[in-house]
Each structure stands twice: as structure tokens, then as C-alpha cells.
Amino acid sequence: MLDIKFIAENTEWVKQSLGKKDFPAEKVDELLATYYELNKLKTSSQSLAEEKNKLSNAIKSASNEERPAIIAQSKAIGEEFKIEQEKLAEIQAKFDDMMLRMPNYPSEESPIGPDDSANVVRRKVGELPHFDFEPKDHIELMEINDWSEMERIAKVSGSRTYAIKNDLAQLEIAIHMMVMDILRQHGFTLITVPALSKEKPLYNQGYLPFARDEIYYMPTDDIYLSGTAELILNSLRADEMLTEADLPVLYAGFSPCFRREAGAAGKDTRGLVRVHQFFKTEQFVICKNDMAESEKWHQTLLQISEEVLQALELPYQVLEVCTGDMGAPKYRQYDLEAWVPSQNCYRETHSCSNITDWQARRTNLRYRGNDGKVKFCHTLNNTGIATPRALVPFIENHQQKDGTVRIPEKLQPYLGGKKFIGKNAK
RNA sequence: GGAUAGAUGGCCGAGUGGUCGAAGGCGCACGAUUGGAAAUCGUGUGUACCCCCAAAGGGUACCGUGAGUUCGAAUCUCACUCUAUCCGCCA
């Protein structure tokens, strides 16, 4: 959510800034018109309330003769007040809805463009693998190593699900454990959170009202399935008044994640790249309302996820996401993409975002600064690791001629010291 | 699933129809005292919004959420959410 006063005072700048995300300027005008209408109504209904309150107070000290007349007068104003209130509530609801649909301002650093074609590669790290044999894709590798039950599980759980077993299942857990250790070394608090969410947190996060189609909903219990621990962690401290000394709050959240993938029909239908349910260890930061501070955390989060990909010895690229491709909540976003040999391209493994105070305004997440002033926090999030997707570049890049998969040194302690996994591994 | 108790400011906690934005305490800020600190004493200290060019000032709302009763609700009624404890069931 944005600050309406800021919009009123910097209208042209706001139009231009939100225009980079293809947000129409007319909607800014519409919002402001509604705002002024709302204020007018507030003023008139508040003076009615004032009058009403004065009369009510007068009743206490009124004589028995005066009292009935004052009560009658107060009643009459009460009726009028009620009508004003109804009008006010209507305009307020309209205004609130418009506010919920205003995207965050993008950073001046973000490339401007309509969609992912305008994203900019900031750097590439690691060497692409050179195979002296015909490399297999991850599905083949799973088959020859008896690592999955992809066909059987589809019968049980439907499309875009997965069941992996043996070394690969162990690898999935091991990678999360390694990432959790890395995050703990960076001062993060490890926290496992539910995949269940009420509706309000979805608005707080900024997923609603934008992408209802993407979310699983269970009407019997009026409960949603979380697409990421970010959803839960963002609302965990909702409505709290922190102190500056409490900040930053660093969470490493682990949870199952659920996505309907409604907009991805036909894409990545096979294998582990895009599934309805997966596990994610998420990085989440609550920090001071200070651009330098949150930019610093944004870089730190990015660096941590690079550390993760480097520990996994995966070649990757850092993508700076353009204004049109980043979601409504985001101020600035980097995606990390790891090399997938079978697709001859980089595929997203991490998404690192600075939300500034946009999310905290919705969540009503504030702190009292050392100067005594109350401010909204800044929030940031980034993937720690998400599986099984991360397993795709992992087993493809590290595959050997005999179908086994090499385990990088940093990961070996989490796999009982194994240097290779697979049927032919010794 | 059944029963009971509860939800008040940054925190604890009093308050059962008007004098309550709310006692008292803690915390915090400033000042006095001190060589400095602690202790002590004094003063101040909620949030959001509206009017006002701004300041000064005035006003409205907020005691879990939503509705209702009333001239008037933290206080009474109803529904809901959450928390605690007990019983039942259970990974």
C-alpha cells in the first residue's frame, strides 16, 4: 500500500513512476477524486458527530423540563448521522479497494520494460558444464537411478505432483539442511510455519486482490493454502509496534508451498520444474524504514542466495527484473537462475525482492524509532532454496557418464559424506 | 467435538451506562540531585484520521472483530475470531 498523502502531494511523479509498471495514470486521478470526496464526507459527518456528542453531554446536566427536547433533537441528528455514515462507509470501501490495487513504486535502478524480455542480466557466475558424453535430462536421470515415482503419483495426486525416493529424497532434505545452516550463520532465526492461511494475510502480503486464481482455497474451513512462507512470516508480527532495537528481524522459514499454476498451462508439464506442492526455505527480513538500510539488506539476501548456489556448485546468472515483470508489491527484484543443461538455458531458482514499506502498510507492521516517531517497517524476502525445482539443475549439472551424480564438498556432510549418489555410486 | 475463563495503551493492569482516551505501575524522554553512575524526586509521554497554507488550535474514531440496544457503550445484548485450562478424540 502507498501513502495517500504522498500521492496527493507528488501526483505527477507517482503517475510517471507507476506508469513504468503499466499502471494507468487515470487511475491515480480516480483515486485522488475518491480521496477528496471521502474527506469531504468525513468532515461533514464528523461535525454531525460533534453536535450529537455535545447534546448527549448536555443531557446529564439538563433539568427535567429541558431533557425531553434535547433528547428529541439528539435523536434527529442521530438519524441524519446514520445516513451520512452509510454514505461514508460506501466511499471508504471504494477508496480502500483502490488503495489495495495500487502497486509499489519501482526503483530508479530497475530496468524499464513491459515483460521479462526487458530483464537485464547483471552477471553470470560459474562455468557451464562440458560433458564428454551425451548428458541426460533430470527425468531420465531419475528413471535410471530409481529415484522417482512420477507416473504412479500422478494417478494418486494428479498432475504437477512428484514423488522422489532413495538418494534423491535424501538429497532434497540435505539441501534444505545446508541452507538452514547457512542462514543461521547469517543470524536468521529458523522457523517452521504452517501452510494454512486466513484471507487477511494474503491481502497483507499483496497476493490478493491480484492473483486469486493462483491460490488453493478450502471453503469448508474458509482457509487458504500458502504459496510461500513469506505469506505467513509477513503477517506473523502484524499490528505490532516494534521498537527500533527489535530490528532487523531475520527469519529463515521452512514450509510446504502450494500453487495452482493456473497461468502456466502447458509450461513445464513434465518433471520437477513446476509442481503444485513443494518445499521452500525462505529468507524474510523486517528492517527499519530507511532506503539505505533496506537496499543493504536486499544486497545481503542476494549474496546469501549466491552463497547457496555456489555451495551447490551450480552455474547461475543474476537477473535484474524490469518494472513490467515485477509484481505489484515490489520496489526492486533480482532473480537468480541456475543453468539447466537439458534446456540449454538458465531457470529461476531464487527471487529476491525489496518491498520497502508497501507490505508493512498493509500488515500494519510498525516500530517506534529512536527519535520517538512511529514508522512502517520495510520488508524483504528471498528464496533460501526451493525443492524439487533446485534438484533439476543440481542433478543435471553434476551428472556423470555412468548416471551417478556428484555431490559438492560443502553438501557432503549432510549426506553422510557421500561424494556421489545414484545406482552405480559406490 | 463438549465445558469454563478471558481479550483494555509500547508492556502489565484497574475500570459494569455519562465526570473514561481510559486510574495505578513498568518502560521511555527531558530536568533536578551526583565527581560519574545507581537510587530518588519532578515534568512529560497512545494511535489513526479530519478541519486549518502552515503553526497554534479545534474536532472525530479507536478498550479482540462485526452488528445491535441507548440521547449516550470499554461497560448491556447477539454473532464471530483468537488465547488459556479441563474433558473427549488423536499423528
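Located above this text is the structure these notes cover.
Residues numbered from 1 in each chain as written. Chains lettered and ligands numbered in written order. Predicted model: local features only at pLDDT ≥ 70, side-chain atom pairs only at ≥ 80, totals over all residues. Heavy atoms only, no water.

A. Representation of the overall build of chain A within the structure. Looking only at helices and strands, chain A features 12 helices and 16 strands. With the C-alpha coordinates of chain A rotated into their principal frame, the extents come out at 100 × 45 × 45 Å. When each of the 426 residues of chain A is scored for burial, the buried share is 51%. Long-range contacts, defined here as pairs at least 24 residues apart, represent 73% of the contacts in chain A between residues at least 6 apart. When the accessible surface of chain A is summed, it comes to about 20400 Å², and 50% of that surface belongs to carbon and sulfur atoms. Of the charged side chains in chain A, 54 are positive and 64 negative; the average position of the first set lies 2 Å away from that of the second. (Helix = DSSP H or I, 4+ residues; strand = E, 2+ residues; numbered from the N terminus. Buried < 20%, exposed > 50% of the residue type's maximum accessible area, 1.4 Å probe, protein only. Contact = heavy atoms within 4.5 Å. Areas by Shrake-Rupley, 256 points an atom, 1.4 Å probe, with all protein chains shown as cover. Lys, Arg positive; Asp, Glu negative; His and termini not counted. Charge placed at Lys NZ, Arg CZ, Asp CG, Glu CD.)

B. Up close: the pattern of salt bridges. Considering all chains together, one arrives at 26 salt bridges under this definition. Notably, a salt bridge pairs Asp 3 with Arg 361, separated by 4.0 Å at the nearest N-O pair. With a gap of 358 residues between them, Asp 3 in the segment before α1 (4-9) and Arg 361 in helix α11 (residues 358-363) connect regions that are remote in the sequence. Sharing partners across several salt bridges, the network here consists of Arg 122, Glu 295, Glu 320 and Arg 332. (Salt bridge = Lys/Arg side-chain N within 4 Å of Asp/Glu carboxyl O.)

C. Examining the sheet that holds strand β12 (residues 366-368) more closely. Strand order in the open sheet formed by 3 strands is β6-β12-β13, and the pairing between neighbours is mixed. Looking at which strands have only one partner, the edges of the open sheet turn out to be β6 (241-243) and β13 (374-376). Between one strand axis and the next, the sheet turns through 35° on average, direction left out of account. Where β6 and β12 come together, 3 bridges link them in parallel fashion. Across the sheet, Thr 243 pairs through a bridge with Arg 368, a residue of β12. (Pairing = 2+ DSSP bridges. Axes fitted to C-alpha atoms, helices over the stretch in contact; angles between N-to-C directions.)

Bear in mind that shape data such as this cannot, by itself, settle questions of function.
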